[in-house]
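Chains, contacts and geometry: an overview
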Number of protein chains: 4
Amino acid sequence: MAGSVFGKQFQISTFGESHGKALGVVVDGVPAGIDLCEEDILSFLSRRKPGQSEFTTKRNEPDEVEILSGVFEGKTLGTPIALVVYNKDQKSKDYSNIKDVFRPGHADFGFFEKYGFRDYRGGGRSSGRETIGRVCAGAIASKALASMGISLCTYTRSIGPVEMNSFDASEITKNPLYMPDAAAAKKAEEYLKACMEEKDSAGGVVECVVSGMPAGVGEPVFDKLDAKLAQAIFSIGAVKGFEIGEGFGAARSTGSENNDAFCVKDGKVKKETNHAGGILGGISDGSDIVFRAAFKPTPSIAQLQHTVDESLTEKEIEITGRHDPVIVPRAVVVVESMAAIVLFDALLENMASKMDRIVDFYKR
Amino acid sequence: MAGSVFGKQFQISTFGESHGKALGVVVDGVPAGIDLCEEDILSFLSRRKPGQSEFTTKRNEPDEVEILSGVFEGKTLGTPIALVVYNKDQKSKDYSNIKDVFRPGHADFGFFEKYGFRDYRGGGRSSGRETIGRVCAGAIASKALASMGISLCTYTRSIGPVEMNSFDASEITKNPLYMPDAAAAKKAEEYLKACMEEKDSAGGVVECVVSGMPAGVGEPVFDKLDAKLAQAIFSIGAVKGFEIGEGFGAARSTGSENNDAFCVKDGKVKKETNHAGGILGGISDGSDIVFRAAFKPTPSIAQLQHTVDESLTEKEIEITGRHDPVIVPRAVVVVESMAAIVLFDALLENMASKMDRIVDFYKR
Amino acid sequence: MAGSVFGKQFQISTFGESHGKALGVVVDGVPAGIDLCEEDILSFLSRRKPGQSEFTTKRNEPDEVEILSGVFEGKTLGTPIALVVYNKDQKSKDYSNIKDVFRPGHADFGFFEKYGFRDYRGGGRSSGRETIGRVCAGAIASKALASMGISLCTYTRSIGPVEMNSFDASEITKNPLYMPDAAAAKKAEEYLKACMEEKDSAGGVVECVVSGMPAGVGEPVFDKLDAKLAQAIFSIGAVKGFEIGEGFGAARSTGSENNDAFCVKDGKVKKETNHAGGILGGISDGSDIVFRAAFKPTPSIAQLQHTVDESLTEKEIEITGRHDPVIVPRAVVVVESMAAIVLFDALLENMASKMDRIVDFYKR
Amino acid sequence: MAGSVFGKQFQISTFGESHGKALGVVVDGVPAGIDLCEEDILSFLSRRKPGQSEFTTKRNEPDEVEILSGVFEGKTLGTPIALVVYNKDQKSKDYSNIKDVFRPGHADFGFFEKYGFRDYRGGGRSSGRETIGRVCAGAIASKALASMGISLCTYTRSIGPVEMNSFDASEITKNPLYMPDAAAAKKAEEYLKACMEEKDSAGGVVECVVSGMPAGVGEPVFDKLDAKLAQAIFSIGAVKGFEIGEGFGAARSTGSENNDAFCVKDGKVKKETNHAGGILGGISDGSDIVFRAAFKPTPSIAQLQHTVDESLTEKEIEITGRHDPVIVPRAVVVVESMAAIVLFDALLENMASKMDRIVDFYKR
């Protein structure tokens, strides 16, 4: 449990450095009988692929995925599924300028202090490429959720100071920023171009809405559904904030404003509002689950920056090369993947909550 | 792992319902040789004790703690420490008005859906009293951290719309709201009184600053130090947001503003600013760790609210009785406890990061 | 995870030193809706109670158990169940003769090396009293299994060189050694008396037969059902061997002798023999699960023994006082408890093995 | 945690079906700074390679291993190490005779009941090839242990009824059965030839001796060092018994015979005998750790056997093809690998046992 393993029943173990031989994941605990092929994974991976627009790095990463195990005759076996993406674009770049330098805003210094030794090429394990394994696993979890009628819609809520003002799901894939508001996307593109001209970068907020989640799922206390989502989302590099429902806004409101009244609709318990974001006391309440993650600006910028190297010499550096001016659009699918993993895992764990249903399960 | 166990090496297992016989915790993985007595625990528990001011519930909870195991001749044995607080103030109140009703903003409906059966007295397991076990364990972790030169300072940053404008650590314990700004505390008290007159409640934000944390601690990927803090803090009832360093503000800034330049001070790598909040890539960077948690307003309010009961009948309820108009001041020590548990656990896990230090450890 | 937590979904966390204030367990992951009261626990605890015959220690341990949480109106809530047994017979004995001495065959030296400090009274955490928490949890697991039609029969197979030759379940509780063979029990009693006269002690073998376990339960690879049983049983102090089905005998047989032929009985797949002991490839095969545990002789003997103390001085000691000449009869219920915990945990985990059944579960 | 993940700090996650695309492992928690290359892994893998003698299957499995991550410039990075072995010898054999048949002594029926669907080619996940991932990880753990002065010697103790009578370490690699006794190896070879003529198979016992393990390592209660070894070894397919030190023999001896007297040698606490097998109360005592595992006879035999297929039709089958008449010699390195993983993991976890050493560790 040195940190690259996540989940309880649906458990992922990721591996890989940015410029190493390959990256990937082993997913243990995938139930048997799910239809699965490489295409299912690729459709997710393509959403985090670089080179899609002027706002993503120009690196060429075809990300061809191989399923090494756990699938037979097109179906999951119940055994671990190993997925691997070989690095193809490993050109032997000259890293001498950053090899022993701690880049500001990066994990370099922490890795050096922790391990005394690091793969300096492209960030090594702390690179955004680390998320490949997560997205592969997320594709599987999403397929499982879909078969249960649960779907996730994830998009960019804001880029820098530019926030969306309207929501049209069909817009999300029509602009390179994955924003559900065409006008805001336009403004955000302009903002990004201005950043790039200044050799600067931007951050933003990703939002995810989960529909179809049954009520009563999630474990009270430490494994609250929102607490596991918080860990999962915060484990994505560059995330600096996480909130659910009204989030930080709830801290400024009053109980009478923030409480959601219960009512009965179609013979079911429903809520008239959803300030809670679909989770109460750590357990799903049957409403949509709504959460947001704040991403910091890409730390790799071409401006001159002051820093220190491994020999404790102060230096100035400019980080040139192929870097995303904003990582938010490519992070959208990573957020969705981590959420899918948490939700499916919670659904599996929840099957053990009532003794009568367990007895019933084994009677069939 | 049904949700009441947390931590890897320093692992806590809490138990107890609000109006059950007792609440407490078993802490496994406490290293041997720490001086520990009931007083150490009580000094923490007293910070979450109700009845301390007009802004906390009038319930009388003396919270006398018993150490049942794991301590011998005043020192920890290395074996599990069981801590128990018996419920004294269990007056057989009449619960008929809320027994089968789902209180808005509460976990009642989720527990009913999940378990089909619940302890309706005072929220049962979803009560704020559930945090007693966390605080007991946090007291132990804090003692261990103190012996390593690591300290935590936690306080109320805002109550409703009233935010602190200045920081004076000595002020924190001088006002009932645990705010480090006397003037803001005054304003917040007035705001709370107004809420109470309206039979309403307030939320707020708690901030925690950790000093003395060495650089290089935390596991990359899923167990990033901030990801574990996010889970730990989000697992506290009523938390709806978590952020570290600039948090959501980072999403609106640019790379050149948000990156912290490295420099050398006293022969050590330091950062000139701390927008990151002391953690980069999930690993501590040697600066203070700074994070915030948003708490929603207390859901129990005496205003008339619309809701539903277990038989799906719509109802109006008023939640009378002894309830905190704001839980933020009492949550301060809970946030500090959870953070202490995460940090100490990470320090233990980190000892295995370098082979040469392991070899060296066993040579002695 | 410092070693006092066991199980995944049905997870126990035990605590307590032999002569500390109390011993007990917190059981997390007990499904809601099981009828449970203190009597259910006591009926199990009474089977490990000392003072029942001349072959068990004369210590008076009434072992009154208190349920502190997780049960409401006679039913489990789905929340953690804390169970505590206070030590009553803590007479302030003089421990000066063993205080800093490493008793042969005991854990004293290991604890001293590991922790540098130990509770020398009665073995502290390494005492047989540590099993109280296990038995409390085992009583709960057994109740759950019984409601699913699964039962365990556990007994003494041999004491020293005296082995049972016949099996009559009704005999088990008729003799103080829990042997299913009256004649063998008689011989074993004589053997034990001879040992006691020599100030010596004896070991033995416990056997457990599980009936009603459905086929298809257990996780392949590391969490094979027999591998988890092996850990669970080997974690009981004094166990030195574990085997399933033919066990070590299988190593001497041939494939044609050892393979169990499959056949069809009453429309179900059955085996004509059960050399496998009910588990194939780590998964239950629907036959009875049969395993054995070898217990070493009680290490506390009144004979003069050579040893060393904490200051590395060689010494002679005689361990006087109240010690069982054989622990096997009292260990029977501990073996049964650990097995019940493993089996119920495996049944819960197994619910997630097929996608169609998961979809079906959530449709209801 | 569906069963293919093992270990706490040094954690392995294996994958792969016998005739799938590849098999392998991800090892998380390998400390940084260990020299590691493919050769280190291959030297272990070659010990389980088939085709080495007339007593192992004739399959040609070159087992070329690739390190995909976690190693940079010849050293471990502290990040997960992914190791993969592609299947080369996947000839499209005709499986129609066993496709839907439950082979006696195999896991086929259990997999079918659990997952409803299985990879019938060569046993799929329940094949002996599943151990490839274990051996890869074991090679890494063994390198780490070696740097701490800890070594493992593993060999065949018996084949069928033929047991070793003498021990000469240099003999082990001189005969195809890995026996430390040349005369016994000769006899065992004859026994095996006789079995093969009868279209039958044999079992046997593997023994492992660990030297150099420091005293004081292992966690009391459920994660006793011997309990973790028991799980690890029992998780190897075909193991039916496990014992430590005197093992089942201890159950027949008396306390005065079985207790090991402590003494002082070279200023250190030692034991005059080692009936305990190097572990007391679950904690290493500084003596050699000695344990044994019983393997059942290979279930695949060419004799006619009675069985059932998926449609519940009774059948006769002969399992022809390339099968080991005994798996014991090839299992030797698997046993050693699992033991190395357990021991190194325990050493890492043990670093957190004393507060003063933790404080000291972070002071440097």
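As a reminder, the structure under discussion sits directly above these lines.
Quick look at the structure, then. Just so it is clear, the structure is predicted and the values come from calculations on it, not from any experiment.

Take the overall build of chain A next. A count of helical and extended segments in chain A gives 8 helices and 19 strands. Against the compact-globule benchmark of 21 Å for 364 residues, chain A has a radius of gyration of 22 Å, which places it among compact chains. Structurally, chain A occupies a C-alpha span of about 65 × 50 × 40 Å along its principal axes. Burial analysis of chain A (364 residues in total) assigns 68% to the buried set. Summing over all exposed atoms, chain A offers an accessible surface of approximately 11,200 Å²; the carbon and sulfur share of this is 49%.

It is worth spelling out the interface of chain A and chain B at this point. Facing 104 residues of chain A, the contacting portion of chain B comprises 105 residues. Of all residues in chain A, Lys114(A), Phe222(A) and Lys240(A) bury the most surface against chain B, accounting for 11% of the area lost on that side. On inspection of chain A and its partner chain B, the count reaches 2 salt bridges. Remark: the boundary between chain A and chain B carries 39 residue pairs in polar contact (both at pLDDT 80 or more). Residues that form the side of chain A that touches chain B fall into these classes: 46 nonpolar, 34 polar and 24 charged. Bridge count between strand S12 (residues 239-244) of chain A and strand S12 (residues 239-244) of chain B: 3 bridges; the pairing is antiparallel. Among the inter-strand pairings, Gly241(A) is bridged to a residue of S12(B), identified as Glu243(B).

Moving on: the sheet that holds strand S17 (residues 289-295) of chain D. On the basis of which strands lie adjacent, the open sheet formed by 10 strands has the order S9(C)-S8(C)-S10(C)-S16(C)-S11(C)-S12(D)-S17(D)-S11(D)-S9(D)-S10(D) and antiparallel pairing. Here the strands that pair on one side only, and so sit at the sheet edges, are strand S9 (162-163) of chain C together with strand S10 (162-163) of chain D. Contacts from helix H5 (residues 225-234) of chain D reach strand S11 (239-244) of chain C together with strand S12 (239-244) and S17 of chain D, with the element oriented near 160° to S12(D). Docked against the sheet, helix H7 (residues 328-350) of chain D engages strand S9 (151-159), strand S11 (204-211) and S17 of chain D, running at close to 145° with respect to S9(D).

Between chain C and chain B, the residue contacts involve 43 residues of the former and 44 residues of the latter. Summing the contributions of chain C and of chain B, the shared interface buries around 3,600 Å²; its carbon and sulfur component is 61%. For Lys21(B), the salt bridge is made with Glu66(C), and the minimal N-O distance between the two is 3.2 Å. Along the contact surface separating chain C from chain B lie 17 residue pairs in polar contact (both at pLDDT 80 or more). When contributions to the side of chain C that touches chain B are tallied by element, the ones reaching two or more residues are strand S2 (11-15), strand S3 (22-28), strand S4 (65-67), strand S6 (75-76), strand S7 (81-86) and helix H2 (108-115) of chain C. Here the side of chain C that touches chain B gets 4 residues from one element, more than from any other, and that element is S2(C).

Between its first and last C-alpha, helix H3 (residues 131-147) of chain D extends 24 Å over 17 residues, near the 24 Å set by a 1.5 Å rise per residue. Counting buried residues along H3(D), 14 of its 17 residues qualify, which places the element largely inside the surrounding structure.

Turning our eyes to something else, we now look at the relation of the copies chain A and chain B. Rotating chain A by 180° about the axis while translating it 0.0 Å along that axis superimposes it on chain B, leaving an RMSD of 0.0 Å. Each copy turns onto its partner about a two-fold axis. Closest to the rotation axis within chain A is the C-alpha of Gln231(A), separated from it by 2.4 Å. Comparing interface residues between copies, 100% of those in chain A also sit at the interface in chain B, which points to an isologous, same-surface contact.

Take the relation of the copies chain C and chain B next. Expressed as a screw transformation, the operator carrying chain C onto chain B has a rotation angle of 180° and an axial translation of 0.0 Å, and the superposed copies differ by an RMSD of 0.0 Å. A symmetric contact is evident, with 100% of the interface residues of chain C recurring at the interface of chain B.

Now for the side chain of Thr154(C). Residue and element names in this part refer to chain C. Considering the arrangement of structural elements, one finds threonine 154 in strand S8 (residues 151-159). We classify threonine 154 as buried; its relative accessible area is 4%. At 2.6 Å, the side chain of threonine 154 and the side chain of glutamate 336 are in polar contact. Each residue touching threonine 154, except ones within four places of it in the same chain, is listed here: Ile172, Val206, Glu207, Cys208, Val332, Val335 and Glu336.

The rules behind these values
Residues numbered from 1 in each chain as written. Chains lettered and ligands numbered in written order. Predicted model: local features only at pLDDT ≥ 70, side-chain atom pairs only at ≥ 80, totals over all residues. Heavy atoms only, no water. Helix = DSSP H or I, 4+ residues; strand = E, 2+ residues; numbered from the N terminus. Rg over C-alpha atoms; globule rule 2.2 N^0.38 Å. Buried < 20%, exposed > 50% of the residue type's maximum accessible area, 1.4 Å probe, protein only. Areas by Shrake-Rupley, 256 points an atom, 1.4 Å probe, with all protein chains shown as cover. Contact = heavy atoms within 4.5 Å. Buried area = accessible area lost by both parts, 1.4 Å probe. Salt bridge = Lys/Arg side-chain N within 4 Å of Asp/Glu carboxyl O. Polar contact = N/O pair within 3.5 Å; in protein donor to acceptor, adjacent residues only side chain to side chain. Nonpolar A, V, L, I, M, F, W, Y, C, P; charged D, E, K, R; others polar. Pairing = 2+ DSSP bridges. Axes fitted to C-alpha atoms, helices over the stretch in contact; angles between N-to-C directions. Expected span 1.5 Å × (residues − 1). Least-squares fit on C-alpha atoms with pLDDT ≥ 70 in both.

That's the geometry; what it means functionally is another story.
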